[in-house]
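Working through the structure, step by step
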Amino acid sequence: MADKTLKLEVITPERVALQDESTSVIVPGVDGELGIWPNHAPLLAGLKPGVISYKTASGTEKLVVSGGFVEVANNTISVIAPAAEKSTEIDFTRAEEAKKRALERIAKKEGIDMARAQAALARANARLSVR
Amino acid sequence: MASGKEIKRRIRSVQNTGKITKAMKLVSASKLRRAQGSVVSARPYKDKLKDVLSRLVASAGAAVSDPLLEVREVKRVGYVVFASNKGLAGGYNANIMKEALARVQEAEANGYEVGIVAVGKKARDFFQKREYTIDEEFLTVNDIPSAVDADAITKMIKTAYVTGKYDEVHIVYAEFRSAMSQIPKTVKVLPVETPESESADGLDYIFEPSPEVVLSQILPLYLANQVFSALTEAKAGEHGARMTAMSAASDNATALVGRLDLEYNRARQAAITNEITEIVGGANALN
């Protein structure tokens, strides 16, 4: 069935960031990108900070998530993420600054939480990648 | 009887207080509306998270383990107490403190050590006065809490749990029922107790990359969400309680002004009667 669609919803603690119909979705899995097409088997996957791109009738849309996970069941994709922004909602100057800060902290390497700085860098890079 | 001037001054003072309480009531009402909105918009996330976690545990079975699920012998218990920064909210803080103190004393009776994490000045002051150890305090929570506020608290209790500072963490907050009613509640958040699956649809999930990894991603989110929803409910409750208290105070002020007005008029009348009697008395004396 060519016109079969998936329901895609992106939910964050503060709001439902997105609800849409899509024909195929690519999500940033922990071990690499995952493509999800209609009639996908039930799936639970961890996500890393990155870009979700999904095809709709009007073209390909992009959305940045900061981690979380994805559940696929009955042709519904639920992305549950601490934060999610559409490409039009991103504050790129802020992301630039965050990236600079994270890089500085990684370069200094002293008295800081390396994992946290790296996670911050990954989030900033994900945001900047859709510019 | 107080003189007219004194009563007049009293009336003015009560009227001014009434103006303040009325303004506070309006401010709280608008904050309550926004806080209620954030409670409602946080619901889909909360439900979904709970849903997925319960199904994950059901389908992965007991095979999964995670540091946040680990049940240890209890020596030290952490209590996170959510109260407000400011007073004038009726019995809101007192009710939470009563619940928190009861829980803490219960834990002490069981021979556990207790550490307090105070969210809000009122919580800190209360336990400081009773000479409990305040392990950490969070005094800068926004009126409409954001995920950032909750994250700081979550990070702190998670670290304390994983490093063994606490063997159990409970949160004490007021569950938001309505503007009039908030019910103090204690919930154990660590070790994480996985919710029972309600819909046993028995889907056979593929886990990517593995059940452990997915679980290790979900559990922190679940914990963070429990803290966040406690925070939003506590704040909504605070605004509701303040609105109710200030509304009652404004009503009292209006009633009091009415009574004082009556008293003032009576005093004025008495003074006039007095004067007339004096004049009449004086005129009679001349005759």
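Residues numbered from 1 in each chain as written. Chains lettered and ligands numbered in written order. Predicted model: local features only at pLDDT ≥ 70, side-chain atom pairs only at ≥ 80, totals over all residues. Heavy atoms only, no water.

Things to note about the pairing of strand β1 (residues 76-82) of chain B
All names here are of chain B. For clarity, the threshold we go by: When accessible area is computed with a 1.4 Å probe and restricted to protein chains, residues below 20% of their type maximum are described as buried, those above 50% as exposed, and intermediate ones as partly exposed. A run of DSSP states H or I qualifies as a helix once it reaches four residues; a run of E qualifies as a strand once it reaches two. Both are numbered from the N-terminal end. Between any two strands, pairing holds if DSSP finds at least two bridges. The path from the first strand over the helix to the second decides the hand: if it runs clockwise while the strands point away from the viewer, the crossover is right-handed.
Within β1, seven of the seven residues are buried, leaving the element largely enclosed by the surrounding structure. Side chains Arg 76, Gly 78, Val 80 and Phe 82 of β1 all project onto a buried face; the interleaved residues Val 77, Tyr 79 and Val 81 project onto the opposite face, where all are buried too. With seven bridges joining them, β1 and strand β2 (residues 113-119) adopt parallel strand pairing. When the bridges of β2 are listed, Gly 78 appears paired with Gly 115. Since β1 and β2 lie parallel, the crossover through helix α3 (residues 92-109) that links them has a hand, and here it is right-handed. Examined bridge by bridge, β1 and strand β4 (residues 168-176) share five bridges and lie parallel to one another. By the bridge assignment, Tyr 79 is partnered in β4 with His 170.

Description of the interface of chain A and chain B
We count it as follows: Residue contacts follow a heavy-atom distance rule, with two residues in contact if any of their heavy atoms lie within 4.5 Å. Each salt bridge in this description consists of a side-chain nitrogen of Lys or Arg and a carboxyl oxygen of Asp or Glu lying within 4 Å of one another. Contacts described as polar in this section are N or O atom pairs within 3.5 Å, which, within protein, must combine one atom able to donate a hydrogen with one able to accept it, while residues neighboring in sequence count only if both atoms come from side chains. Amino acids outside the nonpolar list (Ala, Val, Leu, Ile, Met, Phe, Trp, Tyr, Cys, Pro) and the charged list (Asp, Glu, Lys, Arg) are all regarded as polar, and Gly is one of them.
Contact with chain A, which involves 27 residues of that partner, is made by 25 residues of chain B. For the pair chain A and chain B, the interface holds one salt bridge. Its salt-bridge partner being Lys 48 of chain B, residue Glu 71 of chain A comes within 3.3 Å of it at the nearest N-O pair. Seen at the junction of chain A and chain B, the total is two residue pairs in polar contact (both at pLDDT 80 or more). For the side of chain A that touches chain B, the elements supplying multiple residues, two or more each, are β1 (6-11), β5 (43-46), β8 (69-73) and β9 (76-80) of chain A. Residues of the side of chain A that touches chain B, tallied by class, amount to 17 nonpolar, four polar and six charged. The pairing of β5 of chain A with strand β6 (residues 206-208) of chain B spans three bridges and is classified as parallel. Note on β6 of chain B: the bridge partner recorded for Ala 45 of chain A is Glu 208 of chain B.

Re the side chain of Asp 167 of chain B
Along the chain, Asp 167 of chain B turns up in the loop between α5 (147-162) and β4. Excluding residues that lie within four positions of it along the chain, Asp 167 of chain B makes contacts with Arg 72, Glu 73, Val 74, Lys 75, Arg 76, Tyr 161 and Pro 191 of chain B.

Thoughts on the sheet that holds strand β3 (residues 134-138) of chain B
Residues and elements named next belong to chain B. Under the convention used in this document: As a rule, the C-alpha atoms of each element are fitted with a line to give its axis, helices using only the stretch in contact, and angles between N-to-C directions run from 0 to 180 degrees.
In space, the five strands of this open sheet follow the order β3-β2-β1-β4-β5, with mixed pairing throughout. Among the strands making up the open sheet, the edge pair consists of β3 and β5 (182-190). Taking each pair of neighbouring strands and ignoring which way they run, the sheet shows an average axis angle of 20°.

Description of the domain arrangement of chain A
All names here are of chain A. Using the following cut-off: Each domain's limits were defined by an automated method or a database of domain assignments. Buried surface area refers to the total accessible area, computed with a probe of radius 1.4 Å, that the two partners give up upon joining, counted for both partners together.
Domain assignment breaks chain A into domain 1 (6-87) and domain 2 (91-128). Distance from the C-alpha centre of domain 1 to the C-alpha centre of domain 2: 24 Å. On the domain 2 side, the residues contacting the seven residues of domain 1 number five residues. Of the roughly 470 Å² buried at the junction of domain 1 and domain 2 (both faces included), carbon and sulfur atoms supply 66%. Looking at the side of domain 1 facing domain 2, the largest losses of area belong to Pro 49, Val 64 and Glu 85, adding up to 62% of the total buried there. Linking domain 1 with domain 2 are zero salt bridges, by the criterion used here. Scanning the region where domain 1 abuts domain 2 turns up zero residue pairs in polar contact (both at pLDDT 80 or more). Elements supplying a minimum of two residues to the side of domain 1 that touches domain 2: β6 (49-56) and β7 (59-66). Here the side of domain 1 that touches domain 2 takes three residues from β6, the largest share from any one element. In the side of domain 1 that touches domain 2, the residues fall into three nonpolar, three polar and one charged.

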